[in-house]
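Next come the chains, spelled out residue by residue.
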Amino acid sequence: MTTLAILSDIHANLPALEAVLEDLSQFSVDYVVVVGDVINFGPFTQQVVQRVIESNWAVIRGNGELFLLDYGSPRAPKEWNDLVRFPIPAWLNRQLDRDSKNTIATWADTLTLRFADAPSLRVVHGTPQSHWDSLYPTLADEKIAELLADVQEDTVIAGHTHLPLDRQVDRWHLLNPGSVGVPLDGHFTASYMLLNGDESGWKATFRRIAFDYQPIFQEFERLGFVEECGVIGQLIIEVFKTARPQFGFLGWQKQHYPDEPLSMELLNEYFMKCQWWEYASKAYHVNM
């Protein structure tokens, strides 16, 4: 039997990663696999990247790593030049040293794992086609089968949604470990997955581990995160405070105040008059 620890969406949250590693120490695992988004959102970028690199885990890139690597290059979308809506790519680049960036540049975009005693696994961040798209739990079987149509492996591990998932769709066993660093289902706990594989397939065990949020907010303050990243920085902090998606604010602003710039005033108006679920995917309407 092969035993894997599957971590995803750490998002530069060092207290969450340390809590997961402490919990993981009680288990005997053969390998640790990280399903993208080691960085972005959290304030401990250099520390988390260093820990991951030194651990010599199998790691793929997520969209968070693309924010880092594509910024300032011809690959970057034009909208990233709007530093009010997209302050994070530039901010990320100020958090990491050159060696760390170059190491992240060598990470794969997907992995196929081939162990002798268990079926092959495909590991993607979002979908097989894109780091930015999602295999949501709310998708119909037909849509998931369409997105996985070119995947030969019968077991697929994805991240990006921050929602734990264990689902059979046609011939595919679809798994998502949830998020280590940024839970979005209302539970203030880090999520990861143990995966045991033999000739009969892979069996998942999900773990939810409490961690201390206070060092996160203290580090944000020390870094002057909101001062540097403005409204988007404050939105990110609200995500940590609520364990819920808050970026529906951007859609709300486009719908109600399309001619107004993003501002703290509009942000406060949103939080006073709206609820997060009104502008979030139904996939996140859980544990309400």
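Per chain, residues are indexed from 1 in the order of the written sequence. Residues qualify for local features only when their pLDDT is at least 70, as the model is predicted, and side-chain atom pairs are given and counted only at 80 or more; totals for whole chains, interfaces and linings, by contrast, use all residues. In computing side-chain values, all of the structure's heavy atoms are included and hydrogens and water are not.

### Thoughts on the overall build of the protein
Which entries qualify depends on this criterion: Secondary structure elements are defined from DSSP: runs of H or I of at least 4 residues count as helices, runs of E of at least 2 residues count as strands, and each element is numbered from the N terminus. The reference for a compact globule is 2.2 Å times residues^0.38; the radius of gyration itself is calculated from the C-alpha atoms. Only protein chains enter the accessibility calculation, which uses a 1.4 Å probe. A residue is then buried if its area is under 20% of the maximum for its type, exposed if over 50%, and partly exposed in between. By definition in these notes, contact holds between two residues if any of their heavy atoms fall within 4.5 Å. Note on areas: Shrake-Rupley with a 1.4 Å probe; residue coverage comes only from the protein chains shown. For the purpose of charge, His is not counted, nor are the chain termini; Lys and Arg are scored as positive and Asp and Glu as negative. Here the site of a charge means NZ on Lys, CZ on Arg, CG on Asp, or CD on Glu.
Secondary structure summary: the protein contains 10 helices and 10 strands in total. For 288 residues, the compact-globule estimate of 2.2 N^0.38 gives 19 Å, and the protein sits close to it at 19 Å. Expressed along its principal axes, the backbone C-alpha trace of the protein runs to roughly 60 × 40 × 40 Å. The 288 residues of the protein split such that 56% are buried. By sequence separation, contacts in the protein at least 24 residues apart represent 67% of the contacts at least 6 residues apart. On the protein, roughly 13,100 Å² of surface is accessible, and the fraction owed to carbon and sulfur atoms is 48%. With 22 positive and 38 negative side-chain charges, the protein shows a separation of 3 Å between the mean positions of the two kinds.

### Re the packing of helix α7 (residues 214–223) against helix α8 (residues 225–242)
Think of two packed helices as two axes; the pair is described by the angle between the axes and how far apart they sit. Test applied: Only C-alpha atoms enter the line fits that serve as axes; for helices the fit covers just the stretch in contact. Angles between N-to-C directions range over 0 to 180 degrees. With respect to orientation, any angle under 35 degrees is reported as roughly parallel, any angle over 145 as roughly antiparallel, any angle of 65 to 115 as roughly perpendicular, and every other angle as oblique. Residues are grouped as follows: Ala, Val, Leu, Ile, Met, Phe, Trp, Tyr, Cys and Pro are nonpolar; Asp, Glu, Lys and Arg are charged; all remaining types, including Gly, are polar.
One way to put it is that α7 packs onto α8 with a least axis distance of 11 Å and a crossing angle of 170 degrees. Our classification of the angle between α7 and α8 gives roughly antiparallel. On α8, the residues touching I216, F217, F220 and L223 of α7 are F225, E228, I236, I237, F240 and K241. Looking at the contact of α7 with α8 residue by residue, the classes come out as eight nonpolar, no polar and two charged.

### Quick notes on the packing of aromatic side chains
Let me state the cut-off plainly: Here a pair means two rings of Phe, Tyr or Trp (six-membered ring of Trp) with centres within 6.5 Å. Their orientation is stacked below 30 degrees between planes, edge-to-face above 60, and tilted elsewhere.
According to the stated counting rule, one finds 16 aromatic pairs in the structure shown. Ring centres of F67 and W132 lie 5.2 Å apart, and the angle between their planes is 80 degrees; this geometry places the pair in the edge-to-face category. Pair noted here: F67 is in helix α3 (residues 63–70) and W132 is in the loop between β5 (121–123) and α6 (141–147), with a separation of 65 residues, a long-range link. Residue classification places F67 among the buried positions, given a relative accessible area of 12%. Here W132 falls in the partly exposed class, since its relative accessible area comes to 38%. An aromatic cluster of at least three residues, connected via ring pairs, comprises W91, F220, F225 and F240.

### Let's talk about the sheet that holds strand β9 (residues 189–198)
Short version of the rule: Pairing between strands is defined by DSSP: at least two bridges between them are needed.
Strand order across the open sheet formed by five strands is β3-β2-β1-β9-β10, with mixed pairing between neighbours. Both outer strands of the open sheet, β3 (58–59) and β10 (201–210), are each paired with one neighbouring strand and no more.

### What to know about the pattern of salt bridges
The line we're drawing: Think of a salt bridge as a Lys or Arg side-chain nitrogen and an Asp or Glu carboxyl oxygen that are within 4 Å of each other.
This model, assessed by the stated rule, comprises 11 salt bridges. For the salt bridge of E146 with K143, the shortest nitrogen-to-oxygen distance reads 3.5 Å. Placement of the pair is E146 and K143 together in helix α6, with a separation of three residues, close to one helical turn. Close ionic contact of E219 with R222 constitutes a salt bridge, the shortest N to O distance being 2.8 Å. Of this pair, E219 and R222 both sit in helix α7, three residues apart, which is roughly one turn of that helix. Since its relative accessible area comes to 61%, R222 is described here as exposed.

### Side note on the pairing of β9
Extensive coverage of β9 is indicated by the burial of eight of its 10 residues. Pairing geometry for strand β1 (residues 2–7) and β9, over five bridges, is antiparallel. Residue pairing for β9: L4 is matched across the bridge by L195. When β9 meets β10, the two strands line up antiparallel, connected through 10 bridges.

### Some remarks on unusual backbone geometry
Negative phi characterises most residues that are not glycine, and trans characterises most peptide bonds. The residue F41 is not glycine, and still its phi comes out positive at about 75 degrees. One can find F41 in the loop between β2 (31–34) and α2 (45–55). Here H162, not a glycine, exhibits a phi torsion of approximately 70 degrees, which is positive. Along the chain, H162 turns up in the loop between β6 (155–157) and β7 (165–169). A relative accessible area of 8% means that H162 is categorised as buried.

### Things to note about the environment of A210
Mapped onto the secondary structure, A210 falls in strand β10. On the accessibility criterion, A210 (58% relative accessible area) is exposed. Sequence separation of A210 and H187 is 23 residues, and the distance between their C-alpha atoms is 9.1 Å. Contacts of A210, omitting those with residues within four sequence positions, involve A19, F188 and T189.

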